[in-house]
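Chain by chain, the residues:
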Amino acid sequence: MIVSSLLRVSPRDYKRKGKIMAVKTKEKKVEVPKLSRDRILELIGEMDTKLAMVPKYSKRDLKMFASLTDMEVRDAVDDYYAAQNGRIRVEGKLRAYQKEVDDEGIYSLYLNMQLQNQMVMESLAKDVLTIFVQNHKAAAWFDKVKGLGPIISANLIANIDIHKAKSAGQIISYFGLADHKRPWLGSKVVTERVNSVLGNKKNKDITYEDFCMCCNLTKWKPENAIEATDFDGNYIFKKENMNTGEIEYTFTKDKIIRTLSKRPYNAKMKKTMWLLGESFIKVQNKPDAFYGKLFAERKAEETARSEAGEYREQALKRAQEVGKETEAYKYYIEGKLPPAHIIARAKRWVNTIFLNHLHEVLCRVNDLPVSEPYIIAQGGHVHKIDCPYLDVL
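From a predicted model like this one, the values you see are computed outputs, not experimental measurements.

Colleague: Is there a simple way to explain helix α13 (residues 267-282) in this structure?
Modeller: Since one α-helical turn is 3.6 residues long, residues separated by three or four positions face the same way. The first and last C-alpha atoms of α13 sit 23 Å apart over 16 residues, in line with the 22 Å expected at 1.5 Å per residue. Along its buried surface, α13 packs onto α7 (150-159), α14 (290-307) and α17 (339-365). For α13, the N-terminal cap is Asn 266; the gap from its side-chain oxygen to the backbone nitrogen of Lys 268 is 3.0 Å.

See below:
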């Protein structure tokens, strides 16, 4: 039980009469003064009043928050989600406690105090990130996109180095939207494939050509894998010779397996894109929701294709991978995609369109050349969805 896990006392003990309540612990007997119900409610009311006070920021504060580095913004985003998760957790504990115990008690006061702290931290992180986004070069564009709030906007800005991302495809891959083409294989599969190339070779005999063959089998580009670093930021495969100043490369089976077993995308940003897709779904019925409308159109198109049997082969293959008792199996076995699968496809597609547009916006505000999407430049497609709201830049 929630109460007994903290104070080792059952809920009914809180209903006992008297000004002093004895709480037994393993160490010793501790006397805890019991507050009156009126006093507890008074304290909770005072906390609510303090929480309602909106902090006032000076111009200096605004300027300071606007100059945060990408690393600091990423840290603030993590703090926001940690505080949000903490608030949800405490709210759940508080509801469960109030359901078990009819009367307000000391533990209820403690939970309300904890809830206040989580809400203050969540609000602070949101304010800081909002100010950061409002002072960005593309602030007006971010503000125009319905379904895109300050938290996700700040996270996108802090995780995209537009000077390195020469195309939107690199961002799409880094954010995990191309994982169906380049999945995370894991150490077991990578070990098997590396062993098939290296066999019993000793580390001193492993060449760069062997390394490239291992990369190709695990769907890594050698030029990307060789730039891999450890947690301290040190290169794994290359090291500068202190005497000659030249870069030397050393390949070992263990290093190759550890590198190629890494997740080929940013897990946090993949979750962020999932949240963004959910936001676009929520605003799809608003008349000025550009990406929400795109989602609705794509969903209808995917549904029609599924009903026409265009995904029959894919659906029957999936039917062998899911449980027969699931709702999805009923659709797959008939050669159709279930509604959840169709929604996921539509979300991935609209997120891809959004990232192409975001890449164009960031290039424009940083005076960089805008590259055409891969599917247009090399894929042979001619129909392009133009980026909206460019007039506000």
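Now, onward.
Colleague: In this structure, what is going on with the environment of Val 361? I would like to understand it.
Modeller: Structurally, Val 361 can be placed in helix α17. Put simply, Val 361 and Leu 393 are 32 residues apart on the chain and 8.1 Å apart in space, counted from C-alpha to C-alpha. Setting aside anything within four residues of it in sequence, one finds Val 361 in contact with Ala 138, Trp 141, Cys 387, Leu 390 and Leu 393.

Colleague: Explain the packing of aromatic side chains to me, please; I cannot follow it from the model alone.
Modeller: Centre-to-centre distance and the angle between the planes together describe a pair of aromatic rings. Applying the stated criterion to the full structure yields 15 aromatic pairs. Ring geometry for Phe 290 against Tyr 291: centres 5.0 Å apart, planes inclined by 80°, an arrangement best described as edge-to-face. Under the relative-accessibility criterion, Phe 290 is labelled partly exposed at 26%. Among the aromatic residues, those joined into a cluster by ring pairs are Trp 141, Phe 142, Phe 280, Phe 290, Tyr 291, Phe 354 and Tyr 389. When the ring centre of Trp 220 is taken as origin, the NZ or CZ atom of Arg 182, which lies over that ring, is 4.5 Å away. Cation over ring: Arg 345 sits above Tyr 311, and NZ or CZ is 4.4 Å from the ring centre.

Colleague: It is not clear to me how the pattern of salt bridges should be interpreted in this structure. Could you clarify?
Modeller: Two side chains carrying opposite charge are able to pair once their charged atoms lie near each other. Applying the stated rule across the entire model yields 17 salt bridges. Between Asp 288 and Lys 146 there is a salt bridge, and its shortest N-O distance comes to 3.8 Å. Of the two residues, Asp 288 sits in the loop between α13 and α14 while Lys 146 sits in the loop between α6 (139-144) and α7, which places them 142 residues apart along the sequence. Owing to a relative accessible area of 40%, Asp 288 belongs among the partly exposed residues under this scheme. The residue Glu 360 makes a salt bridge to Arg 364 at a minimum N-O spacing of 3.1 Å. Of the two residues, Glu 360 and Arg 364 both sit in helix α17, 4 residues apart, roughly one turn of that helix. Residue Glu 360 is classed as buried on the basis of its relative accessible area, which comes to 9%. According to the relative accessible area criterion, Arg 364 is partly exposed, its value standing at 43%. The network of salt bridges with shared partners includes Arg 298, Glu 301, Glu 302, Arg 305 and Arg 345.

Definitions and limits used
Residues numbered from 1 in each chain as written. Predicted model: local features only at pLDDT ≥ 70, side-chain atom pairs only at ≥ 80, totals over all residues. Heavy atoms only, no water. Helix = DSSP H or I, 4+ residues; strand = E, 2+ residues; numbered from the N terminus. Expected span 1.5 Å × (residues − 1). Contact = heavy atoms within 4.5 Å. Polar contact = N/O pair within 3.5 Å; in protein donor to acceptor, adjacent residues only side chain to side chain. Phe/Tyr/Trp six-rings, centres within 6.5 Å; stacked < 30°, edge-to-face > 60°. Buried < 20%, exposed > 50% of the residue type's maximum accessible area, 1.4 Å probe, protein only. Lys NZ or Arg CZ within 6 Å of the ring centre and 35° of its normal. Salt bridge = Lys/Arg side-chain N within 4 Å of Asp/Glu carboxyl O.

These results come straight from atomic positions and should not be treated as a statement about function.
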